[in-house]
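Reading the structure
Single-letter residue listing:
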Amino acid sequence: MSGTTIQRDRRRRQAIFRWVVLGLALLYFLVPMVSLFDFSIRFPLTGNVDLDSWAALFGGDDSGRLDMLGEGLTNSLIMAVMTVVISLALLLPTMVLVKLKSPQFSRAVEFISLLPLTIPAVVLVVGLAPIYLVISTRILDSNTIWLAFAYVILVLPFVYRSLDAGLRAIDLKTLTETARSFGASWWTIMVRVIVPNVRTAIISAVFISVALVLGEFTFARMLARTNLQTALFQINLSDGQIAAAVSLIALGGTTILLVLLDLVVGLREAARRRPEEPLAAAAPAPTPTETSAS
Amino acid sequence: MTLSRSAVPVSMAHLSRAFGSVRALDDFSLDLAPGEMVCLLGPSGCGKTTALRALSGLEDIDAGSITVDGVEVSGVPANKRDMAMVFQSYSLFPHMTVADNISFALELRKVPRAERTRILEESLELVGLGAHGNRYAHQLSGGQQQRVALARALAVRPQVLLLDEPLSALDAKVRVQLRDEIRRIQSEIGITALFVTHDQEEALAIADRVGVMQEGRLEQIGTPEEIYTAPRSGFVADFIGVTNRLAGRAASGVADVLGQRVPLLDGSADGDVAVLVRPENIELEPDAAGSAEVVVVGFLGAHSRVQLRLQDGTLVSAQVPVSEAHALTVGGRVALRLRPVPALAV
């Protein structure tokens with residue numbers, strides 16, 4: 001057998017292996033979703049297939065269940081935005097300042113930021129209950145969206161990890177000092193220099209925060225607030241099929257949202273990198289400079 | 001040239017800065033004349049970078065005064081001082097093109113938009129990178145990145161140009177090229193500049209005056225030639241170039257070394273001393289009865305570096321023209337003659 005044949009065989013085996021892995025992964029994700037869809041259209045007792053639950057969702061159901069769902073979804077989306085904004089506004093400047101000015105505190109910041117990971121949500125919520133009693137009676141009101149403050153704690157470890165990776169990847173000290181020496185204020189440095197250079201990290205922090213907030217149940221349930229998950233749970237108690245349909249939509253919606261975000265970022269990255277090829281081809285510089293790349 | 005403006009004097013007086021128990025600057029004083037390029041040179045940890053950062057405002061000082069063009073700036077934050085810096089590590093903003101990097105700096109300095117394009121082109125031309133405006137830092141070689149950093153620093157027409165080991169990340173050939181270019185541009189524009197390096201060859205080649213630092217203090221400052229030929233201390237003599245320490249006896253400005261008389265520089269010690277003799281001030285003559293043995297002959301291009309062993313075992317380094325080195329053989333004996341060039345005894 002010639003060498004090329006062996007190579008071709010190996011390539012084909014590798015291709016097959018890749019498709020098998022991809023197939024298994026897809027199966028792992030798709031089976032629950034297909035089951036969910038199946039559940040939403042098949043009446044459990046009789047096994048009859050109908051689209052009543054979906055019709056109820058899109059055809060306008062006057063039972064008020066969907067009002068609750070709409071409220072939960074709206075609350076969750078608002079809270080997702082609030083959580084993202086607050087956690088980034090809190091953590092990014094803190095981490096930058098600690099890295100630049102007082103690196104001795106970086107361990108403490110890391111510890112505090114990662115702490116929520118080790119505390120179960122149920123335990124957290126027990127501590128948060130009296131605080132929310134004060135918040136809802138004395139400071140703000142009992143609106144669900146104030147739960148975003150608690151969600152900030154919840155997403156802290158993930159936001160920290162993302163930003164930490166992003167900040168490690170750039171020469172923070174030199175970049176800020178350069179900008180300072182040219183006259184940039186700290187605000188300008190943050191907005192014009194640091195944020196653009198850790199954008200990928202910020203996006204990944206946003207992804208995980210949004211996903212976490214949209215999927216949060218424990219806090220909202222135990223503090224008797226209405227978010228997407230508690231609404232779904234409530235509907236499930238009365239009509240499991242509609243709940244399944246909504247879950248599917250929520251899942252799909254989140255996925256589409258994240259994929260869109262990813263695409264937008266990807267396109268912008270690509271646009272930024274694109275000049276590389278034609279320039280590299282036209283390398284010899286008409287200057288007395290060294291032309292060889294280091 | 002529009003990039004130039006009238007150069008200003010800079011004065012740093014009695015600066016102190018301590019990091020814990022380490023005194024990075026210890027009563028450090030340095031004056032720069034308008035348009036002068038001064039190099040601070042010293043081993044790592046000698047405080048040279050702290051001095052530069054103190055001038056830039058990136059480092060606070062505990063005591064002392066800094067004036068630029070007669071104006072006290074020591075209380076002024078870095079972003080309000082009219083200086084620009086080229087760093088050792090590549091400092092181009094990675095998310096911006098070369099042109100955007102320079103425009104951003106100009107924008108920060110509140111240069112009107114209409115002027116930015118012209119200054120941008122001019123400063124890129126100055127460093128020979130006119131065609132590279134739309135590239136990103138990662139598409140440039142290290143040398144090119146530092147050229148852009150230099151162009152960016154000059155574009156804002158600062159009062160003072162600060163260079164913090166800008167060449168030390170580059171390979172040898174690019175380093176020499178860019179070094180000469182920095183010197184050319186600096187004198188062309190006539191800007192006051194402070195250059196920090198640990199590379200003595202670089203310092204001697206580029207500076208109007210070289211300041212040798214040790215433990216937070218300026219050990220000696222003078223023209224490169226003064227520093228090299230008339231070091232004021234053993235530290236400076238050792239740090240700059242290669243120096244032999246030859247045992248001798250000194251009295252009233254003359255030393256007796258290896259049976260020869262060598263005039264001494266001011267500030268030399270008396271009595272039993274070590275006389276610091278440069279390799280190029282030692283002449284060799286093949287002589288079977290000579291006092292030294294050739295250990296190594298190393299070819300350096302125009303010169304050869306010859307290692308000798310004296311009878312007492314001391315190793316001595318001599319530098320001779322290649323044509324003379326041909327006459328030497330390893331293991332052969334030579335007679336050693338010291339040129340009557342003033343040397344320092346310590």
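This brings us to the overall build of chain A. The number of helices and strands found in chain A is 13 helices and zero strands. The order of α-helices and β-strands along chain A, N terminus first, is α-α-α-α-α-α-α-α-α-α-α-α-α. For chain A, the proportion of contacts with a sequence separation of at least 24, taken over those separated by at least 6, is 75%. When the accessible area of chain A is evaluated, it comes to approximately 16900 Å², of which 68% is carbon and sulfur surface.

All names here are of chain B. The element helix 1 (residues 48-56) is extensively covered by neighbouring structure, given that eight of its nine residues are classed as buried. Looking only at helix 1, the buried set comprises Lys48, Thr50, Ala51, Leu52, Arg53, Ala54, Leu55 and Ser56. The first or second residue beyond helix 1 is glycine 57, which carries a positive phi of 95°.

Attention shifts here to the pairing of strand 7 (residues 160-164) of chain B. All names here are of chain B. Within strand 7, five of the five residues are buried, which leaves it mostly tucked inside the rest of the structure. Residue alternation in strand 7 divides its side chains into two sets, Val160, Leu162 and Asp164 and Leu161 and Leu163, and both sets are buried. As defined by bridge partners, strand 6 (residues 83-86) adjoins strand 7 across four bridges and the pair is classed as parallel. By the bridge assignment, valine 86 is partnered in strand 7 with leucine 163. Where strand 7 and strand 8 (residues 192-197) come together, five bridges link them in parallel fashion. Pairing of leucine 162 across the sheet is with leucine 194, part of strand 8. A crossover connection joins strand 7 to the parallel strand 8 through helix 5 (residues 172-189); in handedness this β-α-β unit is right-handed.

Within this structure, the stated rule accounts for 29 salt bridges over all chains. Residue A:Asp38 is joined to A:Arg42 by a salt bridge in which the shortest nitrogen-to-oxygen separation is 2.9 Å. We classify A:Asp38 as partly exposed; its relative accessible area is 31%. The exposure class assigned to A:Arg42 is partly exposed, which follows from its relative accessible area of 36%. Between B:Glu293 and B:Arg309 there is a salt bridge, with the nearest N and O atoms lying 3.9 Å from each other. In this pair, B:Glu293 is assigned in strand 16 (residues 292-299) and B:Arg309 in strand 17 (residues 303-310), connecting sequence segments 16 residues apart. Look at B:Glu293 and you get partly exposed, because its relative accessible area is 26%. Where salt bridges share partners, they join A:Lys173, A:Glu177, B:Arg17, B:Arg53, B:Glu59 and B:Asp62 into one cluster.

Moving on: the domain arrangement of chain A. A common way to state how big an interface is: give the accessible area lost once the parts meet. Residues and elements named next belong to chain A. Here the domain parsing of chain A yields domain 1 (13-50) and domain 2 (71-271). Domain 1 and domain 2 are separated by 31 Å when their C-alpha centres are compared. When domain 1 packs against domain 2, the two sides together hide about 650 Å² of surface, and 76% of this comes from carbon and sulfur. When the buried surface of domain 1 facing domain 2 is broken down by residue, Met33, Leu36 and Ser40 rank first, second and third, together holding 62% of it. For the pair domain 1 and domain 2, the interface holds zero salt bridges.

With that settled, consider the sheet that holds strand 18 (residues 315-321) of chain B. Residue and element names in this part refer to chain B. Spatially, the five strands line up as an open sheet ordered 15-19-16-17-18, and their pairing is antiparallel. Since the sheet does not close on itself, it has two edges, and those belong to strand 15 (282-286) and strand 18, each with one partner. Shown here is a sheet whose adjacent strand axes are inclined to one another by a mean of 40°, direction ignored. Pairing analysis gives seven bridges linking strand 16 to strand 17, with the strands arranged antiparallel. Bridge assignment links valine 294 to a residue of strand 17, and that residue is leucine 308.

What follows is about the sheet that holds strand 2 (residues 22-32) of chain B. Note on sheets: strands pair through backbone hydrogen bonds, and any given pair is parallel or antiparallel. Residues and elements named next belong to chain B. The four strands are arranged 2-1-4-5 in an open sheet whose pairing can be described as antiparallel. Strand pairing shows two members of the sheet lacking a second neighbour, strand 2 and strand 5 (71-72), which therefore form its edges. In terms of strand pairing, strand 1 (residues 10-19) meets strand 4 (residues 63-68) through five bridges, oriented antiparallel. Its bridge partner being in strand 4, methionine 12 is matched across the sheet by isoleucine 66.

Residues and elements named next belong to chain B. Counting across every chain of the model gives seven aromatic pairs over all chains. Considering the side-chain rings of phenylalanine 93 and phenylalanine 104, the 5.4 Å spacing of their centres and the 80° angle between planes classify their relative orientation as edge-to-face. Here phenylalanine 104 lies in helix 2 (residues 98-108) and phenylalanine 93 lies in the loop between strand 6 and helix 2, a separation of eleven residues in the sequence. Its relative accessible area of 1% is what places phenylalanine 93 among the buried residues. Look at phenylalanine 104 and you get buried, because its relative accessible area is 1%. Over the aromatic face of phenylalanine 93 sits the side chain of arginine 152, whose NZ or CZ is 5.1 Å from the ring centroid. Sitting above the plane of the tyrosine 228 ring, arginine 278 keeps its charged end 4.1 Å from the centroid.

This paragraph deals with the nonpolar core. For soluble globular proteins, the rule of thumb is that nonpolar side chains tend to be buried together. Counting 105 residues, the largest nonpolar core has A:Leu147, A:Phe219, B:Leu150, B:Leu163 and B:Ile182 as the members making the most contacts within it. It is helix 6 (residues 148-168) of chain A that contributes the most residues to this core, eleven residues altogether. Ignoring sequence-local partners within four residues, the contact set of B:Ile182 consists of B:Met37, B:Leu150, B:Leu163, B:Pro166, B:Leu167, B:Phe195 and B:Ile206.

What follows is about the environment of A:Glu71. With respect to the helices and strands, the residue A:Glu71 is situated in helix 3 (residues 65-100). A:Glu71 sits 155 residues away from A:Thr226 along the chain, and the two C-alpha atoms are 7.3 Å apart.

For the rest of this paragraph, the subject is the environment of A:Met79. With respect to the helices and strands, A:Met79 occurs in helix 3. The residues contacting A:Met79, other than those within four sequence positions of it, are A:Thr144, A:Ile145, A:Leu147, A:Ala148, A:Tyr151, A:Val213 and A:Asn227.

This part is about a nonpolar patch on the surface. Taken together, A:Trp19, A:Leu22, A:Leu26, A:Tyr28, A:Phe29, A:Leu30 and A:Val34 make up a surface patch of nonpolar side chains, about 830 Å² in accessible area. You can see A:Leu26 is positioned in helix 1 (residues 3-41).

A separate point is a positive patch on the surface. Residue and element names in this part refer to chain A. Residues Arg8, Arg10, Arg11, Arg12 and Arg13 make up a contiguous surface patch of positive charge. Counting through the fold element by element, arginine 8 comes out in helix 1. Since its relative accessible area comes to 53%, arginine 8 is described here as exposed.

A separate point is the environment of A:Asn75. Residue and element names in this part refer to chain A. Tracing the sequence through the fold places asparagine 75 in helix 3. Judged by its relative accessible area of 8%, asparagine 75 is buried. Residues asparagine 75 and threonine 230, spaced 155 residues apart in sequence, show a C-alpha to C-alpha distance of 11 Å. Not counting residues up to four positions away in its chain, the partners in contact with asparagine 75 are Asn143, Thr144, Ile145 and Thr226.

Quick notes on the rules
- Residues numbered from 1 in each chain as written.
- Chains lettered and ligands numbered in written order.
- Predicted model: local features only at pLDDT ≥ 70, side-chain atom pairs only at ≥ 80, totals over all residues.
- Heavy atoms only, no water.
- Helix = DSSP H or I, 4+ residues; strand = E, 2+ residues; numbered from the N terminus.
- Contact = heavy atoms within 4.5 Å.
- Areas by Shrake-Rupley, 256 points an atom, 1.4 Å probe, with all protein chains shown as cover.
- Buried < 20%, exposed > 50% of the residue type's maximum accessible area, 1.4 Å probe, protein only.
- Pairing = 2+ DSSP bridges.
- Right-handed = clockwise from strand over helix to strand, strands pointing away.
- Salt bridge = Lys/Arg side-chain N within 4 Å of Asp/Glu carboxyl O.
- Domains from an automatic or database assignment.
- Buried area = accessible area lost by both parts, 1.4 Å probe.
- Axes fitted to C-alpha atoms, helices over the stretch in contact; angles between N-to-C directions.
- Phe/Tyr/Trp six-rings, centres within 6.5 Å; stacked < 30°, edge-to-face > 60°.
- Lys NZ or Arg CZ within 6 Å of the ring centre and 35° of its normal.
- Core = buried A, V, L, I, M, F, W, Y, C linked by side-chain atoms within 4.5 Å.
- Patch = residues over 30% accessible without salt bridge, like charges linked within 9 Å, V, L, I, M, F, W, Y side chains within 5 Å.
- Lys, Arg positive; Asp, Glu negative; His and termini not counted.
- Charge placed at Lys NZ, Arg CZ, Asp CG, Glu CD.

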